[in-house]
Amino acid sequence: FPVTIQPAEINQILNWYATGYTGIGIVTGTISGNLEMVEAEGRAVAAGLLHQAEQIAHETGLKELWNRICDGYTEITPSGGWHWLYRCTEPIEGNQKLAQQPGAEKTGPEVLFETRGEGGYVVVAPTSGDIHPTGGSWQRISGKPDTIATITPEERTTFLNIFRTLDQMPRIEPKPIRETYHS
């Protein structure tokens, strides 16, 4: 059956919280004005990669872009990860893994940085309670919904590339093609 997704009205949200709901999620992409979220997983933050990402931004002349996005809306997740929310002036594609690290053989690579784009969703502050396995809450650290930065597609690519540089997966070198000749 068809599903219609519409933004919740403030009274509806207040009613949800009054009746025991403790979570808020935002559908990303076109429905939310080309909203996208970049997430630094808790493991990336614990490994110091968040600091490295900020350092890359500052050293490559992207301090103003970094600060505009960070000041627009940033939050911390219950696992110690970070979320940056922004809007793009053009439609965005779906979710992307920006950087990974090798994981256990059975589970595969572990995500360090990823996006939530068209067709995705993100849980946001002030979500708390049993929504996250730790029981912790999402905490807004800067900005608010009406200060979320709007960036161009070029700025978006540049911002995402900061995180892509932190990918830790081994590079697989292509093997040369050996030609065989038949007489």
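Structure first, text after, so check above.
For clarity, every value in this text was computed on a predicted model and none was experimentally measured.

## Observations concerning the overall build of the protein chain
Reasoning step 1: Scanning the protein chain for helices and strands turns up five helices and nine strands.
Reasoning step 2: When the helices and strands of the protein chain are read in sequence order from the N terminus, they spell out α-β-β-α-α-α-β-β-β-β-β-β-β-α.
Reasoning step 3: The 183 residues of the protein chain split such that 36% are buried.
Reasoning step 4: A sequence separation of at least 24 residues applies to 75% of the contacts in the protein chain between residues at least 6 apart.
Reasoning step 5: Total accessible area computed for the protein chain in this model is approximately 11300 Å², and 54% of it derives from carbon and sulfur atoms.
Reasoning step 6: Averaging the positions of the 14 positive and the 22 negative side-chain charges in the protein chain gives two centres separated by 4 Å.

## Digging into the packing of aromatic side chains
Reasoning step 1: Tallied over the entire structure, the rule returns nine aromatic pairs.
Reasoning step 2: For the pair Trp 84 and Phe 159, a centre-to-centre distance of 6.3 Å together with 85° between the ring planes defines the contact as edge-to-face. Taken together, the residues Trp 84 in strand β4 (residues 82-88) and Phe 159 in helix α5 (residues 153-164) connect sequence positions 75 residues apart. There is no split in this pair, since Trp 84 and Phe 159 are both buried.
Reasoning step 3: Summarising the aromatic geometry, the rings of Tyr 86 and Phe 159 are spaced 5.7 Å apart at their centres and angled 85° between planes, so their arrangement reads as edge-to-face. Here the residue Tyr 86 occupies a position in strand β4, and Phe 159 occupies one in helix α5, the gap between them amounting to 73 residues. With respect to burial, Tyr 86 and Phe 159 carry one shared label: buried.

Rules and cut-offs
Residues numbered from 1 in each chain as written. Predicted model: local features only at pLDDT ≥ 70, side-chain atom pairs only at ≥ 80, totals over all residues. Heavy atoms only, no water. Helix = DSSP H or I, 4+ residues; strand = E, 2+ residues; numbered from the N terminus. Buried < 20%, exposed > 50% of the residue type's maximum accessible area, 1.4 Å probe, protein only. Contact = heavy atoms within 4.5 Å. Areas by Shrake-Rupley, 256 points an atom, 1.4 Å probe, with all protein chains shown as cover. Lys, Arg positive; Asp, Glu negative; His and termini not counted. Charge placed at Lys NZ, Arg CZ, Asp CG, Glu CD. Phe/Tyr/Trp six-rings, centres within 6.5 Å; stacked < 30°, edge-to-face > 60°.

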